[in-house]
Amino acid sequence: MAITDQSNPLVSFSWRRYPENLTYFNSVEPSQTDPSKKLTDYYDNLSQKVYFVMGDDIGVQEYDVLGIPYYAVTTKEDNYGNDLQESLSPFFESYFQSIHRFWNDTEFPFYYLAVTALQNNQKEIGGGGFGMRNGFVMKLGRKFGTRDKYVTAHETSHTWIGIKIIIGENSFDHQWFGEGFNDYATIINLANSKIYGEEDFLHYFNEENFKKHYESAIKDVHNDSIATNYWTDYANYGVLPYRRGCIYAFYLDNQIRLASDGKFTLRNMLLDLYELRKAKKKDEVLTVDDFINAGAAYLDKKELEEQIARYMIAGQPIDFEDVKTIPEFNVEVHNNIPKLSLAAHADLSKIYRW
């Protein structure tokens, strides 16, 4: 397609399981004299080993994150005035430490964050990318800003929810968890690492979640309709599980904190779920019942079952008129739209600490 092509062809597909011996990658060793003799490898092998970034202006910075080698791989110059190494340094200095502590997990051989500034686009096109098991590759077509901080944090957070922890056969089965709960983990770790302050934190909940979700014409559709419409109506159905799940995670976190008088949080439940995942055989899947059983250590099991059925599966929005939160948060409802604010004494770094 031409660079300026505005069409959106439906060319995406996904596997429930990677077919046996699926060839994922081919390459040529630099020492080879015959480039037609290619090497091949499979996803499970490749994803833990290698990613190539080639160019004349590539910068690589190595960091030590809790004993794990982390690499920042960036283009040195671009059309947007970025200093990408400088923009990414807070992630290596605080965010990645925060997310590892959140999950009590440092079992990584290495990790990389590769951000490439696109040079040939005719206008600013934002940022996005894809994850591999030990890294995230981002394509950037604008100045690195608040949204790109979120994208970087969200996608690297998928290392746990979305890769190590999935409910169902694949991520489409229960995206309210795979995307929404990952989103909540993302935002609270951005707050914990101080990359997001109060203004960014509240803006994300109020403008990107509460307002857009409760104004959505499809906010109450059944969970089964998401996969069917995901690619043909992403603007509505694609973002739905992110918002629905993130709002429920916020709600659930508050209920666990209140029920335990602050002793436990949603993090404790997620850590229990992670341990359950690790105890299962590789070909066993986590189920919604597993999620409910993990939560039953902190809240009434029957209530959890009803919440999942009502809010996540049937799609009924949570009525925050009837919801109590911890004293640090205030949620007021105007024209059926919740709005979150912080109490005068509230400190995000104390609310979200681990």
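Structure: above.
Just so you know, these numbers come straight off a predicted model, no measurement behind them. (Residues numbered from 1 in each chain as written. Predicted model: local features only at pLDDT ≥ 70, side-chain atom pairs only at ≥ 80, totals over all residues. Heavy atoms only, no water.)

Student: Got a sec to walk through the overall build of the protein? Specific residues and values, please.
Tutor: For the protein, the count of helices and strands is twelve helices and nine strands. Counting the 354 residues in the protein, one finds 46% classified as buried. (Helix = DSSP H or I, 4+ residues; strand = E, 2+ residues; numbered from the N terminus. Buried < 20%, exposed > 50% of the residue type's maximum accessible area, 1.4 Å probe, protein only.)

Student: For the side chain of Thr156, give the residues involved together with the corresponding values.
Tutor: Position of Thr156 relative to the elements: it lies in helix H3 (residues 146-157). Among the residues examined, Thr156 registers a relative accessible area of 3% and is labelled buried. When neighbours within four sequence positions are excluded, Thr156 is seen to be in contact with Tyr95, Phe96, Tyr111, Leu113 and Phe136. (Contact = heavy atoms within 4.5 Å.)

Student: Please provide a residue-by-residue account of a negative patch on the surface, values included.
Tutor: Judged by side-chain charge, Asp289, Asp300, Glu303 and Glu305 come together as a negatively charged surface patch. Inspection of the secondary structure puts Glu305 in helix H11 (residues 301-313). Residue class for Glu305 comes out partly exposed when judged on its relative accessible area of 37%. (Patch = residues over 30% accessible without salt bridge, like charges linked within 9 Å, V, L, I, M, F, W, Y side chains within 5 Å. Areas by Shrake-Rupley, 256 points an atom, 1.4 Å probe, with all protein chains shown as cover. Salt bridge = Lys/Arg side-chain N within 4 Å of Asp/Glu carboxyl O. Lys, Arg positive; Asp, Glu negative; His and termini not counted. Charge placed at Lys NZ, Arg CZ, Asp CG, Glu CD.)

Student: Let's hear about the pattern of salt bridges: which residues, and what values?
Tutor: What the rule picks out here adds up to eight salt bridges. In this structure, the salt-bridge partner of Arg257 is Asp253, at a minimum N-O distance of 3.0 Å. On the criterion of helical spacing, the pair formed by Arg257 and Asp253 is a turn pair, its members being four residues apart in helix H8 (residues 240-259). Each member of the pair, Arg257 as well as Asp253, carries the same accessibility label: buried.

Student: So what's going on with unusual backbone geometry? Which residues, and what values?
Tutor: You will see that Leu66, though not glycine, has its phi angle at about 50 degrees, which is positive. As for its position among the elements, Leu66 is in the loop between strand S3 (58-65) and strand S4 (68-75). Owing to a relative accessible area of 43%, Leu66 belongs among the partly exposed residues under this scheme. You will see that Asn335, though not glycine, has its phi angle at about 55 degrees, which is positive.

Student: For the pairing of strand S8 (residues 329-334), give the residues involved together with the corresponding values.
Tutor: Pairing of S8 with strand S9 (residues 337-342) involves six bridges; the strand directions are antiparallel. Opposite Val331, over in S9, you have Leu340 as the bridge partner. Linkage of S8 to S9, two consecutive antiparallel strands, is achieved through a turn of two residues, within which Asn335 is found at a positive phi near 55 degrees. (Pairing = 2+ DSSP bridges.)

Student: I'd like a rundown of the nonpolar core, residues and numbers included.
Tutor: In this structure, Phe181, Tyr248 and Phe291 are the most contacted members of the largest nonpolar core, which totals 91 residues. Per-element tally for this core: the top contributor is H8, with ten residues. Apart from the residues within four sequence positions on either side, Tyr248 is in contact with Phe181, Phe291, Leu304, Gln307, Ile308, Tyr311, Met312 and Ile318. One finds Val73, Phe110, Met132 and Val137 within the second-largest nonpolar core, a separate group that totals six residues. (Core = buried A, V, L, I, M, F, W, Y, C linked by side-chain atoms within 4.5 Å.)

Student: Give a description of the environment of Phe205 that names residues and reports values.
Tutor: Along the chain, Phe205 turns up in helix H5 (residues 198-215). Counting along the chain gives 134 residues from Phe205 to Lys339, while the straight-line C-alpha distance between them is 8.1 Å. With residues up to four places along the chain from it excluded, the contact list for Phe205 reads Tyr184, Ile187, Phe210, Cys246, Phe250 and Leu340.

Student: Give me the lowdown on the packing of aromatic side chains, citing residues and values where you can.
Tutor: Each aromatic ring pair is characterised by the separation of its centres together with the angle its planes make. Tallied over the full model, the rule gives 43 aromatic pairs. A ring pair is formed by Phe91 and Tyr95, whose centres lie 5.7 Å apart and whose planes are at 70 degrees; its orientation type is edge-to-face. Here the residue Phe91 and the residue Tyr95 both occupy positions in helix H2 (residues 84-103), the gap between them amounting to four residues, near one helical turn. Classification of Tyr95 by relative accessible area gives buried; the value is 0%. Ring centres 6.5 Å apart and planes at 35 degrees place the aromatic pair Phe250 and Phe320 in the tilted group. With Phe250 in helix H8 and Phe320 in the loop between H11 and S8, this pair connects stretches of sequence that are 70 residues apart. Across the pair, exposure class does not vary: Phe250 and Phe320 are buried alike. The residue whose ring lies beneath Lys278 is Tyr274, and the NZ or CZ to ring-centre distance is 4.3 Å. (Phe/Tyr/Trp six-rings, centres within 6.5 Å; stacked < 30°, edge-to-face > 60°. Lys NZ or Arg CZ within 6 Å of the ring centre and 35° of its normal.)

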